[in-house]
Amino acid sequence: QVQLVESGGGLVEAGGSLRLSCAASGSIFTMNRMGWYRQAPGKQRELVASMTNGGRTNYADSVKGRFTISRDNAKNTAYLQMNRLKPEDTAVYYCNAGELAVGTGRYWGQGTQVTVSS
């Protein structure tokens, strides 16, 4: 069983940066795929970025070139570096982990709020 805890959210002005962290209670080495999702009010949860143990990454078109996902298996932590933030990035961001290289994993964090002011 893996428990995920996100941190690093907050309020930032447009154009600013935040780095989200996802700390796992267990080893994430067995989690082939780590991902970040977000859900804005009234909208469905959507994939922001994902990364496999092999280093393969996938980004939503809306964040390409601005967000970077990374993971440190030794620290059992995944990160999402968010630069040039926009008001439309405002959402609750969730960490996700799974044993398979594709698809949404079965483990979720509780979410962290990111608010970008214009």
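Bear in mind the structure is a predicted one, so any value in this text is a computation, not a measurement. (Residues numbered from 1 in each chain as written. Predicted model: local features only at pLDDT ≥ 70, side-chain atom pairs only at ≥ 80, totals over all residues. Heavy atoms only, no water.)

Engineer: Where do I start with the state of the cysteines in this structure?
Structural biologist: Note on terminology: a disulfide is the covalent bond linking the sulfur atoms of two cysteines. Counting across every chain of the model gives one disulfide. A sulfur-sulfur separation of 2.0 Å characterises the disulfide bridge that pairs Cys22 with Cys95. Disulfide Cys22-Cys95: torsion about the S-S bond near -80 degrees, hence left-handed. In this pair, Cys22 sits in strand β3 (residues 18-24) while Cys95 sits in strand β9 (residues 91-98), placing the two residues 73 residues apart along the sequence. (Disulfide = S-S within 2.5 Å. Helix = DSSP H or I, 4+ residues; strand = E, 2+ residues; numbered from the N terminus.)

Engineer: Whenever I open this one, the nonpolar core confuses me. Can you help?
Structural biologist: Nonpolar side chains in soluble globular proteins tend to end up buried together. With 31 residues, the main nonpolar core has Trp36, Leu80, Met82 and Tyr93 as its most contacted residues. Those elements giving two or more residues to this core turn out to be β3, β4 (33-39), β5 (46-52), β7 (67-72), β8 (77-82), β9 and β11 (112-117). Apart from the residues lying within four places of it in its own chain, the contact partners of Tyr93 are Glu6, Leu20, Trp36, Tyr37, Arg38, Val48, Phe67, Leu80, Met82, Gly111, Thr112 and Val114. (Core = buried A, V, L, I, M, F, W, Y, C linked by side-chain atoms within 4.5 Å. Buried < 20%, exposed > 50% of the residue type's maximum accessible area, 1.4 Å probe, protein only. Contact = heavy atoms within 4.5 Å.)

Honestly, that's just the spatial picture; any functional story needs more than this.
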